[in-house]
Amino acid sequence: MCYYSFGISHLWLITLFVFIIYLKNQTFMKPLQSNVLIFSVKGSVLGTKIQEALANTRAVVEYTYSVQKATEFIAEENPCLIVIDTPSDDVKAIELCKKIKKTKEEQKINVFFLVDNNQNLTEQIEWFDLGVDEFGTRDTNSSLISRRVMNILGKYLGNAKDVVPQKGIVIDRERYLVFKDGKDIFLPRKEFELLVLLASKPLKVFTREEIFKLVWGNKSIVGDRTIDVHVRKIREKIGENYISTIKGVGYKFVG
């Protein structure tokens, strides 16, 4: 009986060890969000037009020409699309694409590169090797470029609509979407994060100190009325009955 028990335990440990090795060798994709990175020099006509086209969407948009800021945005926001609007020999763009290529092992990001022309096939193949998914040309009408960007983004903005219940509040954390009675509601990032926090534990009272720490972080400097203003704006959009004020303490989600 002792030998039998030892054999079973030993077999269980071996199975667990094999399973751990299996997990370590798997590639788990991070969920993409409907956010966009525009990597371009400030003042670029195309970059600005694309940013304007995205202004009325739910996408979080980062416009930068800093490789560090771009990589931080990719790590924090899991964007579904990166638009690169630089000369094809731009050193910063090359550096960023090398970083993106490594990131693509965990995030299946779409990289859309705007080039001066599409005649240099050798150059384009090199960029494909760096992780670029498709090219556009700068001499194309900016409205058409913006429409192409919107079409790519639309695949992520629209994926959840068909499965949204038609009653109540639904929060899609992966896509930064909120639905009320089947209709989508736009919430800026901090309003969304505040709503997610409160809804994560219905009826729990979150103190103002907890909210500041969990939503804005210890290093953030915000005014005393910041939370109140954000709660008021959320109520205006989803209704007055979902968030209760506990006077002198904080807020709770009552659903």
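Residues numbered from 1 in each chain as written. Predicted model: local features only at pLDDT ≥ 70, side-chain atom pairs only at ≥ 80, totals over all residues. Heavy atoms only, no water.

(A) Local environment of the sheet that holds strand β9 (residues 206–207). Taken in spatial order, the three strands make up an open sheet running β9-β11-β10, and their pairing is antiparallel. Of all strands in the sheet, those with a lone pairing partner are β9 and β10 (243–246), marking the two edges. Contacts from helix α7 (residues 189–200) reach β9, β10 and β11 (250–253), with the element oriented near 70° to β11. The sheet strands contacting helix α9 (residues 226–238) are β10 and β11, and the helix crosses β10 at an angle near 150°. (Pairing = 2+ DSSP bridges. Helix = DSSP H or I, 4+ residues; strand = E, 2+ residues; numbered from the N terminus. Contact = heavy atoms within 4.5 Å. Axes fitted to C-alpha atoms, helices over the stretch in contact; angles between N-to-C directions.)

(B) Structural view of the pattern of salt bridges. If you walk through the whole model with that rule in mind, you get eight salt bridges. Here Glu191 and Lys237 are joined by a salt bridge, their closest N and O atoms 2.9 Å apart. Here Glu191 is found in helix α7, whereas its partner Lys237 is found in helix α9, with 46 residues between them in sequence. Given a relative accessible area of 4%, Glu191 falls into the buried group. Residue Lys237 is classed as partly exposed on the basis of its relative accessible area of 33%. Among the charged side chains, a salt-bridge network with shared partners connects Arg189, Lys190 and Glu193. (Salt bridge = Lys/Arg side-chain N within 4 Å of Asp/Glu carboxyl O. Buried < 20%, exposed > 50% of the residue type's maximum accessible area, 1.4 Å probe, protein only.)

(C) Broad picture of the environment of Ser40. Secondary-structure assignment places Ser40 in strand β1 (residues 33–40). Residue class for Ser40 comes out buried when judged on its relative accessible area of 0%. On a C-alpha basis, the gap between Ser40 and Ile84 in space is 6.2 Å, while along the polypeptide they are 44 residues apart. Look past the residues within four positions of Ser40 in its chain and what remains in contact with it is Tyr63, Thr64, Tyr65 and Asp85. In terms of polar contacts, Ser40 uses its side chain to reach the side chain of Ser44, at 3.4 Å. One polar contact links Ser40 to Asp85, side chain to side chain, over a distance of 3.1 Å. (Polar contact = N/O pair within 3.5 Å; in protein donor to acceptor, adjacent residues only side chain to side chain.)

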